[in-house]
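Examining the three-dimensional arrangement
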Amino acid sequence: MPEARRVAVVTGGAQGFGRSISVGLAGTGVDILVVDLIEAKETASEVETYGGRAVSLVADVADPGSTERVAALLQQEFGRCDILVNNAGIYPNVGIDEVDFELWRRVHAINLDSQFLMVKAVLPLMKQGGWGRIVNITSNSIGLVIPGLAHYMSSKAGVIGFTRGLANDVAEHGITVNAVGPTASKTPGGLAIIDEEHIDALAQAQAIKRPGTAEDVVGTVLFLAGDSSGWVTGQTIMADGGLVRL
Ligand SMILES: NC(=O)c1ccc[n+]([C@@H]2O[C@H](COP(=O)([O-])OP(=O)(O)OC[C@H]3O[C@@H](n4cnc5c(N)ncnc54)[C@H](O)[C@@H]3O)[C@@H](O)[C@H]2O)c1
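Residues numbered from 1 in each chain as written. Predicted model: local features only at pLDDT ≥ 70, side-chain atom pairs only at ≥ 80, totals over all residues. Heavy atoms only, no water.

**Regarding the site of the ligand**
Under the convention used in this document: Only heavy atoms are used to decide nearness, and a residue is near a molecule or strand if one of them lies within 4 Å of it. N or O atoms within 3.5 Å of each other form a polar contact, as long as, within protein, one can give a hydrogen and the other can take it, and as long as residues adjacent in sequence are counted only when both atoms are side-chain atoms. Computed by Shrake-Rupley with a 1.4 Å probe, the accessible areas treat only the displayed protein chains as cover when residues are assessed. Helix and strand assignments come from DSSP, with helices taken as H or I runs of at least 4 residues and strands as E runs of at least 2, each series counted from the N terminus. In this classification, Asp, Glu, Lys and Arg are treated as charged, Ala, Val, Leu, Ile, Met, Phe, Trp, Tyr, Cys and Pro as nonpolar, and every other residue, Gly included, as polar.
Around the ligand, 29 residues are found, and the nearest of them are Asp-36, Asn-87, Tyr-91, Tyr-152 and Thr-187. Here Asp-60 contributes a side-chain N or O atom positioned 2.8 Å from a nitrogen atom of the ligand. Val-61 places a main-chain nitrogen or oxygen 3.0 Å from a nitrogen atom of the ligand. For the ligand, the accessible surface in isolation is 830 Å², of which the surrounding protein chains cover 94%. Of the residues forming the shell around the ligand, the biggest block, three residues, is contributed by helix H6 (residues 188-193). Here the shell around the ligand is composed, by residue class, of 14 nonpolar, twelve polar and three charged.

Structural data, given as structure tokens:
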């Protein structure tokens with residue numbers, strides 16, 4: 001009997017890094033559930049070109065009710081969950097004088113609380129399978145001097161702490177947990193807040209002197225989402241052209 005196809009949940013998979021990661025995973029024979037605030041039609045059709053199955057859920061990953069819907073949909077459509085990529089995030093560039101508590105909370109809710117909620121939603125199914133890979137997207141900005149990102153850096157440093165702690169709790173179930181940190185890149189979200197010249201200028205400080213694109217994190221995520229990374233857990237890899245060293 002052929003082995004059953006693995007299933008991955010990718011948050012924020014309608015565009016940017018999440019879309020490239022979804023398509024990259026589909027290329028390795030994985031079916032995808034995309035959870036995003038917006039319809040993920042293009043991602044779904046690209047996944048299908050690999051012969052994979054794509055299910056798209058329009059939902060806010062920072063809302064506990066939505067992540068319960070994710071759990072129900074996974075059970076109903078696939079009956080399993082092998083991989084979770086916690087990618088959805090926002091990065092408003094706002095100086096600390098203008099950051100009010102509402103913005104602070106929103107950034108933490110979407111960038112960090114959502115990762116906790118998604119983990120809680122998928123863990124029961126992942127444990128049943130006895131194998132799992134959780135990849136949390138952080139950011140190399142936590143090692144850089146970029147004004148206006150205190151709220152964002154706080155949430156992304158939290159992602160690294162959550163990754164380290166969670167790795168300890170789930171290892172006995174065959175589940176690894178790691179984080180990947182991209183650099184300022186030419187994704188739709190990146191280009192909405194940083195102009196192209198700034199991304200090009202930042203690239204000159206990298207070891208590899210070209211600007212990052214949505215495809216540049218895919219290889220690292222695929223490694224951490226696959227069988228060959230089974231001895232790696234609790235780690236953070238900066239996939240950033242060699243800009244920030246941990
Ligand atoms: N692009 C960069 O420069 C850069 C650099 C370092 C880290 N990152 C991180 O990479 C991740 C993806 O960034 P991107 O550049 O691809 O962003 P993007 O804005 O291009 O795409 C993000 C996707 O997430 C979705 N999303 C946002 N909030 C959501 C929510 N509450 N619920 C469900 N979906 C939601 C959006 O609709 C969008 O489709 C983020 O976590 C970001 O912090 C980005």
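More follows now that the structure is in view.
**Some details on the packing of aromatic side chains**
Filter applied, for reference: Here the aromatic set is Phe, Tyr and Trp, taking the six-membered ring for Trp, and pairing holds for ring centres within 6.5 Å; pairs whose planes are under 30 degrees apart are stacked, those over 60 apart are edge-to-face, and all others are tilted. Lysine and arginine charges are scored as sitting over a ring when NZ or CZ, respectively, is within 6 Å of the ring centre and within 35 degrees of the ring normal.
Scanning all chains against the criterion turns up one aromatic pair. Sitting above the plane of the Trp-131 ring, Arg-6 keeps its charged end 3.6 Å from the centroid.

**Concerning the nonpolar core**
Condition: Side-chain atoms within 4.5 Å link the members of a nonpolar core, which is a set of buried Ala, Val, Leu, Ile, Met, Phe, Trp, Tyr and Cys residues. Each residue is placed in one exposure class: buried if its accessible area under a 1.4 Å probe, protein chains only, is under 20% of its type's maximum, exposed if it is over 50%, and partly exposed if it falls in between. Only heavy atoms matter for contacts: two residues are in contact if any of them lie within 4.5 Å across the pair.
Ranked by internal contacts, the top residues of the largest apolar core, which has 30 residues, are Val-9, Leu-33 and Leu-74. Mapped by element, the contributors of at least two residues to this core are strand S1 (7-11), strand S2 (31-36), strand S3 (54-58), helix H3 (64-77), helix H4 (101-129), helix H5 (150-170) and strand S6 (175-182). In terms of residue count, H4 provides more of this core than any other element does, seven residues in total. Leave out the neighbours within four places in its chain, and Leu-33 touches Ala-8, Val-9, Val-10, Val-55, Ser-56, Leu-57, Val-70, Leu-73, Leu-74 and Phe-78.

**Examining the pattern of salt bridges**
Under the convention used in this document: We define a salt bridge as a contact between a side-chain nitrogen of Lys or Arg and a carboxyl oxygen of Asp or Glu at a distance within 4 Å.
In total, this model carries ten salt bridges according to the counting rule given. Across the pair Glu-42 and Arg-19 runs a salt bridge whose closest N-O atoms are separated by 3.5 Å. With Glu-42 in helix H2 (residues 41-49) and Arg-19 in helix H1 (residues 16-27), this pair connects stretches of sequence that are 23 residues apart. The salt bridge partner of Arg-210 is Asp-216, with a shortest N-O separation of 2.8 Å. Given the relative accessible area of 41%, Arg-210 is considered partly exposed. Connected via shared salt-bridge partners are Arg-19, Glu-42 and Glu-46.

**A few points about the side chain of Ser-141**
Within the secondary structure, Ser-141 sits in the loop between strand S5 (132-137) and H5. On the basis of relative accessibility, which here comes to 4%, the residue Ser-141 falls in the buried class. Among the polar contacts made by the side chain of Ser-141, one reaches the side chain of Ser-139 at a distance of 2.8 Å. What Ser-141 contacts, discounting residues up to four positions off in sequence, is Ile-146, Leu-149, Tyr-152 and Met-153.

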